[in-house]
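Inside the fold
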Amino acid sequence: DVKVTQSSRYLVKRTGEKVFLECVQDMDHENMFWYRQDPGLGLRLIYFSYDVKMKEKGDIPEGYSVSREKKERFSLILESASTNQTSMYLCASSRPPADSEAFFGQGTRLTVV
Amino acid sequence: QKEVEQNSGPLSVPEGAIASLNCTYSDRVSQSFFWYRQYSGKSPELIMSIYSNGDKEDGRFTAQLNKASQYVSLLIRDSQPSDSATYLCAVSLYSGGGADGLTFGKGTHLIIQP
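Please read all numbers here as calculations on a predicted model, not as lab measurements. (Residues numbered from 1 in each chain as written. Chains lettered and ligands numbered in written order. Predicted model: local features only at pLDDT ≥ 70, side-chain atom pairs only at ≥ 80, totals over all residues. Heavy atoms only, no water.)

1. Notes on the state of the cysteines
Where two cysteines share a covalent bond between their sulfur atoms, that bond is called a disulfide. Counting across every chain of the model gives 2 disulfides over all chains. Residue cysteine 23 of chain A pairs covalently with cysteine 91 of chain A via a disulfide, S to S 1.9 Å. Judged by the torsion about the S-S bond (-75°), the cysteine 23 of chain A/cysteine 91 of chain A disulfide is left-handed. With a gap of 68 residues between them, cysteine 23 of chain A in strand β3 (residues 19–25) and cysteine 91 of chain A in strand β9 (residues 87–94) connect regions that are remote in the sequence. Residue class for cysteine 23 of chain A comes out buried when judged on its relative accessible area of 0%. There is a disulfide in this structure between cysteine 23 of chain B and cysteine 89 of chain B, and the S-S distance comes to 2.1 Å. Looking down the S-S bond of the cysteine 23 of chain B and cysteine 89 of chain B bridge, the torsion is -70°, so its handedness is left-handed. On the criterion of sequence distance, the pair formed by cysteine 23 of chain B in strand β3 (residues 19–25) and cysteine 89 of chain B in strand β9 (residues 85–95) is long-range, its members being 66 residues apart. The two residues cysteine 23 of chain B and cysteine 89 of chain B agree in class, both being buried. (Disulfide = S-S within 2.5 Å. Helix = DSSP H or I, 4+ residues; strand = E, 2+ residues; numbered from the N terminus. Buried < 20%, exposed > 50% of the residue type's maximum accessible area, 1.4 Å probe, protein only.)

Right, here's the structure in full:
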C-alpha cells in the first residue's frame, strides 16, 4: 500500500524559530515534493527533488530550504519561521517521469505564533 | 504563466444526479491530467488519471479530456453524500526542458444534497 508519512500532524512554533518538517515514503519513489495549501490559493509548490541530494525551486521557495540525504526522506526547513508561513504543508512523492501521479502524506498543520 | 482554472463553487447537486466538474489549463503541451478528491482537513487522494483525448471510466467516475480545447472534466454518476468534498484538477505543465511536476487548480467544492 502506498505510504507517505509526515512527522507531525499539528505543529505550533514561535516566530524566528527554525522548523523542520519531515517526510518519508516507502514506495521507492525518485520524485518528492513539498506543497503548501492555503484557503483561496490552493496548492502551491515550494520545492521538489528528483533524486538524492538534488533539489529544484518551485513557485514559492522564499523562506524555505530542503534537504534530501536519502531517497526515502525529504525535509522542508523554515530557516526563521514567520506568521505568514502558517499553513497546511503537504508532502508528495511519485515515480519518474516528473508528471506522474503524485501520492500525498497526511499533511502538517503548522501554526507560527 | 502556468495556469489551471476551476470554478471554486460550491456546486450543489442532488443525491443520485450527475455531478460535472470542469477544469481548463494554459499549457498546450501538457501530457498528464489527474483528479484528486480532498475531504475537509485531509490530504488529496488520487481518484482518476487521463492521458489521451476522450473518455475514461472507472466505476461511477468518468474523466473527459479535450487537448485541443485545453479542457478536462470529471463526471460523477449516481452522486452520493460521501462524494461531498473538494475536487482538485492537476495538470503537468512544462517549462524549459521538462515537466515541473504537477500544477493544481484551486479546487471545486462539491456538495451532494440528500
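Let us keep going from here.
2. Some remarks on the interface of chain B and chain A
Facing 21 residues of chain B, the contacting portion of chain A comprises 21 residues. Taken together, both faces of the contact between chain B and chain A bury some 1,500 Å²; the carbon and sulfur share is 52%. Seen at the junction of chain B and chain A, the total is 0 salt bridges. At the boundary of chain B with chain A, the tally comes to 6 residue pairs in polar contact (both at pLDDT 80 or more). (Contact = heavy atoms within 4.5 Å. Buried area = accessible area lost by both parts, 1.4 Å probe. Salt bridge = Lys/Arg side-chain N within 4 Å of Asp/Glu carboxyl O. Polar contact = N/O pair within 3.5 Å; in protein donor to acceptor, adjacent residues only side chain to side chain.)

3. A closer look at the sheet that holds strand β6 (residues 54–58) of chain B
All names here are of chain B. In spatial order, the strands read β1-β3-β8-β7-β6; together these 5 strands make up an open sheet with antiparallel pairing. The two strands at the open ends of the sheet, each matched to only one other strand, are β1 (4–5) and β6. Of the strand pairs in this sheet, strand β7 (residues 61–66) and strand β8 (residues 71–76) are connected by 6 bridges, and their pairing is antiparallel. Note on β8: the bridge partner recorded for asparagine 66 is tyrosine 71. (Pairing = 2+ DSSP bridges.)

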